[in-house]
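Structure at a glance
This is what each chain is made of:
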Amino acid sequence: MNSQFRQHLRERSGQALVEAIVALSVLTVGFFSILGFLIGAAGSTGRAVDQTAASFLAAEGLEIVKGAVERFRVIGDFNNFPRGCFEVDIKNGLGDDPANWPTIPGGGQCGQGRFSQTPLNFDGGFYDYDSGTATKFLRTIDVERASANSIRTRSIVQWNDKGGIRKEVSYEAYFYDY
């Protein structure tokens, strides 16, 4: 009986080691799968944050132009609203005459190879061109006459993502002299 027990132990020797290695392998694969998922989720979150900030900046660009258009409409000078390719922020755009807005140098049509090259700065409260820390966002505001009684405005925000790929959000609005 004792010899049968010893023979049984000899036949099973090493089996626990194999089971432990298999279990460890399964746990390792599971761990790295979860880690990969978390890393991917963190990257997606960063892209979503950039996309959201760019969307808000593009919308803000349209709001700046909207305020200026309303001013021109009230004083009865809608047809003389300046056209061009502008770098305008909330501080120098609201309340300022659009004729004084900083223009983007260069030839060609605005938004087709002619974009802002000046990054917006963030000062903890506002994005502007004057103060704060430079961000990755570039905003171009394109204002052109669409018809005798309308202005077409595009607010284009560009940035490079972590892979160096150029991303863009573009909003468009028409303002009418009613």
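One structure accompanies this document, and this report is about it. Since we're looking at a predicted model, the values are computed, not measured.

Topic: the overall build of the protein chain
The helix and strand inventory of the protein chain stands at three helices and seven strands. When the helices and strands of the protein chain are read in sequence order from the N terminus, they spell out α-α-β-α-β-β-β-β-β-β. When each of the 178 residues of the protein chain is scored for burial, the buried share is 33%. Long-range contacts, defined as pairs at least 24 residues apart, comprise 51% of the intrachain contacts of the protein chain with a sequence gap of at least 6.

Looking at the nonpolar core
Residues Val65, Val69, Phe81, Trp101 and Val143 are the most contacted members of the largest nonpolar core, which totals 16 residues. Looking at this core, the element that brings in the most residues is helix H2 (residues 15-74), giving six residues.

Considering the sheet that holds strand S3 (residues 127-128)
The three strands lie next to each other as S3-S2-S4, forming an open sheet whose pairing is antiparallel. Because the sheet does not close on itself, it has two edges, and the strands there are S3 and strand S4 (133-134). When strand S2 (residues 121-122) meets S4, the two strands line up antiparallel, connected through two bridges. By the bridge assignment, Asn121 is partnered in S4 with Ala134.

Looking at the packing of aromatic side chains
All told, the structure shown has seven aromatic pairs when counted by the stated rule. A ring pair is formed by Phe31 and Phe32, whose centres lie 5.4 Å apart and whose planes are at 70°; its orientation type is edge-to-face. Each member of the pair, Phe31 together with Phe32, is exposed. Each residue in the set Phe72, Phe81, Phe86 and Trp101 is aromatic and connected to the rest through ring pairs, giving one cluster.

A short note on the environment of Asp89
Positionally, Asp89 belongs in the loop between strand S1 (84-86) and helix H3 (90-93). Contact partners of Asp89, with chain neighbours within four places excluded, come to Ile64, Leu94, Leu120, Tyr127, Asp128, Tyr129 and Arg139. Polar side-chain contacts of Asp89 include one of 2.8 Å to the backbone nitrogen of Tyr129.

Focus on the environment of Ala148
Checked against the element boundaries, Ala148 lands in the loop between strand S5 (138-147) and strand S6 (150-160). With 70 residues separating them along the chain, Ala148 and Phe78 place their C-alpha atoms 10.0 Å apart.

Observations concerning the pattern of salt bridges
As enumerated under the stated definition, the model contains six salt bridges in all. Note that Glu60 and Arg139 form a salt bridge whose closest N and O atoms lie 2.8 Å from each other. A residue pair is termed long-range when its members are at least 10 positions apart, and Glu60 in helix H2 and Arg139 in strand S5 qualify at 79 residues. By relative accessible area, which is 0% here, Arg139 ends up buried.

Comments concerning the pairing of strand S7 (residues 166-176)
The side chains of a regular strand alternate, residue by residue, between the two faces of the sheet. In this structure, S6 lies alongside S7, joined through 11 bridges in antiparallel fashion. Paired with Gln158 across the bridge in S7 is Glu168. Turn length for the S6-S7 hairpin, with the two strands adjacent in sequence and antiparallel, is five residues, and the turn residue Gly164 shows positive phi of about 85°.

Describing a nonpolar patch on the surface
Among the surface-exposed residues, Phe31, Phe32, Leu35 and Ile39 lie close enough to one another that they form a single nonpolar patch of about 420 Å² accessible area. By the element assignment, Leu35 lies in helix H2.

Criteria and thresholds
Residues numbered from 1 in each chain as written. Predicted model: local features only at pLDDT ≥ 70, side-chain atom pairs only at ≥ 80, totals over all residues. Heavy atoms only, no water. Helix = DSSP H or I, 4+ residues; strand = E, 2+ residues; numbered from the N terminus. Buried < 20%, exposed > 50% of the residue type's maximum accessible area, 1.4 Å probe, protein only. Contact = heavy atoms within 4.5 Å. Core = buried A, V, L, I, M, F, W, Y, C linked by side-chain atoms within 4.5 Å. Pairing = 2+ DSSP bridges. Phe/Tyr/Trp six-rings, centres within 6.5 Å; stacked < 30°, edge-to-face > 60°. Polar contact = N/O pair within 3.5 Å; in protein donor to acceptor, adjacent residues only side chain to side chain. Salt bridge = Lys/Arg side-chain N within 4 Å of Asp/Glu carboxyl O. Patch = residues over 30% accessible without salt bridge, like charges linked within 9 Å, V, L, I, M, F, W, Y side chains within 5 Å. Areas by Shrake-Rupley, 256 points an atom, 1.4 Å probe, with all protein chains shown as cover.

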